[in-house]
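An overview of the molecular structure
For reference, the chains in residue letters:
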Amino acid sequence: MEERSMDEIMEKISPLVTGNNVLDIGTGFGIVIKALINNKDLKITSIDPETWRFDELKNTFLTEIYENRLKLMNAYAENLPFRDNEFTTTISLFSAHHFKDIIKALDEINRVTSGTIIIADWGPESAGKTNPHSPEQLEIPMNKVKSHGIKNNFAVKDGSMWYMIYKKN
């Protein structure tokens, strides 16, 4: 996995999506939304504790919001305001290092997902190259995510700059 861009990473992740109800954790710049929104069969709920990009994304995806295919919500991964098994796929792309309580967030993600869970994040080698974080700020969360993933039967994939845990429930 030596991808050079977010688009290339989403190319790898998109085929793993199962079902038609997707939860995107960590809206950020809308990378997951942009990669999946053209699939008219998908309904996407994207959450972020910070809504700094929501206005721009609402303008960009006004039609999809109106059609009820996209919902943007202010929420935290550690306290997801959804029913058990509400989503067929949950994707968290380059957000796990921001979770306040990684284990609680991963447990919540598992609770609300009936199908596929995909969590990808930057590894320490990417520090200062693809993101503004230090190696230490990325290594501790990475170790927690991977450890929890292994204990819960996730597949773990390592790349040169990022890693991913993946599981179908």
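In the block above lies the structure referred to throughout.
Quick summary incoming for the structure in this document. This one's a predicted model, so the numbers in the text were calculated from it and none came from an experiment. (Residues numbered from 1 in each chain as written. Predicted model: local features only at pLDDT ≥ 70, side-chain atom pairs only at ≥ 80, totals over all residues. Heavy atoms only, no water.)

For the protein chain, the helix and strand inventory stands at six helices and seven strands. Taken over C-alpha atoms, the radius of gyration comes to 15 Å for the protein chain, in line with the 15 Å a tight globule of 169 residues would show. Counting only C-alpha atoms and orienting by the principal axes, one finds that the protein chain spans roughly 40 × 30 × 25 Å. Each of the 169 residues in the protein chain was classed as buried or not, and the buried ones make up 50%. For the protein chain, the share of sequence-separated contacts (at least 6 apart) that also reach a separation of at least 24 residues comes to 67%. Total accessible area on the protein chain is roughly 8,700 Å²; 48% of this is exposed by carbon and sulfur atoms. Within the protein chain, the 24 negative side-chain charges are centred at a point lying 4 Å from the centre of the 20 positive side-chain charges. (Helix = DSSP H or I, 4+ residues; strand = E, 2+ residues; numbered from the N terminus. Rg over C-alpha atoms; globule rule 2.2 N^0.38 Å. Buried < 20%, exposed > 50% of the residue type's maximum accessible area, 1.4 Å probe, protein only. Contact = heavy atoms within 4.5 Å. Areas by Shrake-Rupley, 256 points an atom, 1.4 Å probe, with all protein chains shown as cover. Lys, Arg positive; Asp, Glu negative; His and termini not counted. Charge placed at Lys NZ, Arg CZ, Asp CG, Glu CD.)

Another point: the layout of surface pockets. In this structure, the largest pocket spans a volume of roughly 720 Å³. If you go around the largest pocket, you meet 30 residues; those closest to its centre are Gly28, Asp48, Phe94, Ser95 and His98. Where the lining of the largest pocket is concerned, the elements lending two or more residues are strand E1 (21-25), helix H2 (31-36) and strand E2 (43-48). Its residues assigned to classes, the lining of the largest pocket shows 16 nonpolar, nine polar and five charged. (1 Å grid on protein atoms, 1.4 Å probe; cavity = no way out; pocket = protein on both sides within 12 Å on 5 of 7 lines; lining within 4 Å. Points joined across faces, edges and corners; volume = space filled by probe spheres on them. Nonpolar A, V, L, I, M, F, W, Y, C, P; charged D, E, K, R; others polar.)

Moving on, we come to the side chain of Asn131. Looking at the element boundaries, Asn131 is found in the loop between strand E5 (113-122) and helix H6 (135-151). Of note is the side chain of Asn131, whose polar atom sits 3.1 Å from the side chain of Thr130. Excluding residues that lie within four positions of it along the chain, Asn131 makes contacts with Trp122, Ser126 and Leu138. (Polar contact = N/O pair within 3.5 Å; in protein donor to acceptor, adjacent residues only side chain to side chain.)

Time to look at the sheet that holds E5. The strand order E3-E2-E1-E4-E5-E7-E6 describes an open sheet built from seven strands, whose pairing is mixed. Single-partner strands in this sheet number two, and they are strand E3 (70-74) and strand E6 (155-158). Across this sheet, the average inter-strand angle for adjacent strands is 15°, counted without regard to direction. One ladder, built from four bridges, connects E6 with strand E7 (residues 162-168); its direction is antiparallel. Among the inter-strand pairings, Lys157 is bridged to a residue of E7, identified as Met164. Its contacts with the sheet place helix H5 (residues 102-112) against E1, strand E4 (87-93), E5 and E7, and it is angled at close to 150° to E5. (Pairing = 2+ DSSP bridges. Axes fitted to C-alpha atoms, helices over the stretch in contact; angles between N-to-C directions.)

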